[in-house]
Amino acid sequence: MRLFTHLPLIAIVIAGLQLGCEEDVQKQTLKEARQAVKASQYDLALKKFKALLELAPDDYNGLWGIADVYGKQGNVIEQEKMLNKILENEEYKKSFSRILMPALEQNYVMQGNNLLGADVKKAEEFYRKALELNKKNALANSNLAELLMNRGDAAQRAGKYQLADDSFRAAIKLRIASKLRKKLKKRAELSEFFVQRATVLPIFEKAKADLVKAGQYDPKTKLFKVTVEETFDAPKKKSANDRAQFQRKGMMKLLNSITDLVWKIADKKRTDDVAPIEFKASLLKGLAKSQELSQKGKKYTYKASVGIARDALLFHVIDVKAGEYKKIKAKK
């Protein structure tokens, strides 16, 4: 009778021994898997981690180990699946989010990079997924900005100016380096001009015939022509700066004439408080050759004749139509 009395106790002992053996096997398998990872034997490591999951299907070390190895192999698709599987476990999501979230974030960036040449839209989706997890992710921001800039450039070449403008401005909103932001802002200014030019061209076409007749526009070269000749009285007291002073006055006369032309095309009356538009010398074609300051007796005469590219002038017509122009500062 005593023999039968002790049978349940023996069963418990045997079960404990079996459990201990299983735990030992799991620990040994995990140890071998980690050793394989250190030795860069990733196929063997995967085999060991999967063997661990056969013993304990929900074991975090096994799940994370497989995800980590997939990442090291560059198998980002399978890595993403495994990471999301781990995150389905609320306990793991809470306890290991500092490891899992950055890994998934990096995974999305890598998937975006892999798809850049094949599927740009899908690449954009992955970059945005990474930014949803961490809006400060430097690679996701810069890579997405480059993607949007390239899209804008392509759209601009194809004449799709609104798409170009939208792409550049979306890129500007990202957390990117100042150098890249400046580059994008220049592109956005150009794309915005082309978008707005569509509203100004009909106005220009309306005034075009009169401009051609007045010799102010050459339809063949698409250049506006502005010519000035201004005479100044020589000062009573001569100084070494006289010529430079009259040169500046002559140049101001030229800029005022160009500004008048801009307002004329915009079909608006320029008021006395409107400051002259400052054009870069590089935009005033022929200035270096035509600009002349001569003296005859007590008179100085300034002459200049320049050509201005159509779009360079229409850019300012857009500003005038929008009410965006500088005014002369009142003297205190």
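Residues numbered from 1 in each chain as written. Predicted model: local features only at pLDDT ≥ 70, side-chain atom pairs only at ≥ 80, totals over all residues. Heavy atoms only, no water.

J.: Just give me the short version of the overall build of the protein, but keep the residues and values in it.
T.: Check the secondary structure of the protein and you find 14 helices and four strands. Scaling as 2.2 N^0.38, a compact globule of 332 residues should have a C-alpha radius of gyration of about 20 Å, whereas the protein reaches 37 Å, well beyond that. Across its three principal axes, the protein shows a C-alpha extent of roughly 140 × 45 × 40 Å. Out of the 332 residues belonging to the protein, those deemed buried represent 35%. A fraction of 56% describes how many contacts in the protein between residues 6 or more apart in sequence connect residues 24 or more apart. Surface summary for the protein: the accessible area is close to 21,300 Å², and the carbon and sulfur share equals 53%. Across the protein, the centroid of the 65 positively charged side chains sits 10 Å from that of the 41 negatively charged ones. (Helix = DSSP H or I, 4+ residues; strand = E, 2+ residues; numbered from the N terminus. Rg over C-alpha atoms; globule rule 2.2 N^0.38 Å. Buried < 20%, exposed > 50% of the residue type's maximum accessible area, 1.4 Å probe, protein only. Contact = heavy atoms within 4.5 Å. Areas by Shrake-Rupley, 256 points an atom, 1.4 Å probe, with all protein chains shown as cover. Lys, Arg positive; Asp, Glu negative; His and termini not counted. Charge placed at Lys NZ, Arg CZ, Asp CG, Glu CD.)

J.: Can you tell me about the environment of Leu 139, naming the residues and giving the values?
T.: Topologically, Leu 139 is positioned in helix α9 (residues 138–157). Between the C-alpha atom of Leu 139 and that of Ala 312, which follows or precedes it by 173 residues, the distance is 37 Å. Excluding residues within four positions of it along the chain, Leu 139 makes contact with Val 109 and Leu 144.

J.: Explain the nonpolar core to me, using residue names and the numbers behind them.
T.: Phe 49, Ile 66, Ile 86, Leu 174 and Leu 184 are the most contacted members of the largest nonpolar core, which totals 46 residues. Tallying contributions element by element places α9 first for this core, with seven residues. Counting 37 residues, the second largest nonpolar core, distinct from the first, contains Val 200, Phe 246, Ile 265 and Val 317. (Core = buried A, V, L, I, M, F, W, Y, C linked by side-chain atoms within 4.5 Å.)

J.: Help me get a handle on the side chain of His 316, residues and values and all.
T.: Within the fold, His 316 resides in helix α14 (residues 310–321). Residue class for His 316 comes out buried when judged on its relative accessible area of 17%. His 316 has contacts with Val 262, Ile 277 and Phe 279, leaving out every residue within four places of it along the chain.

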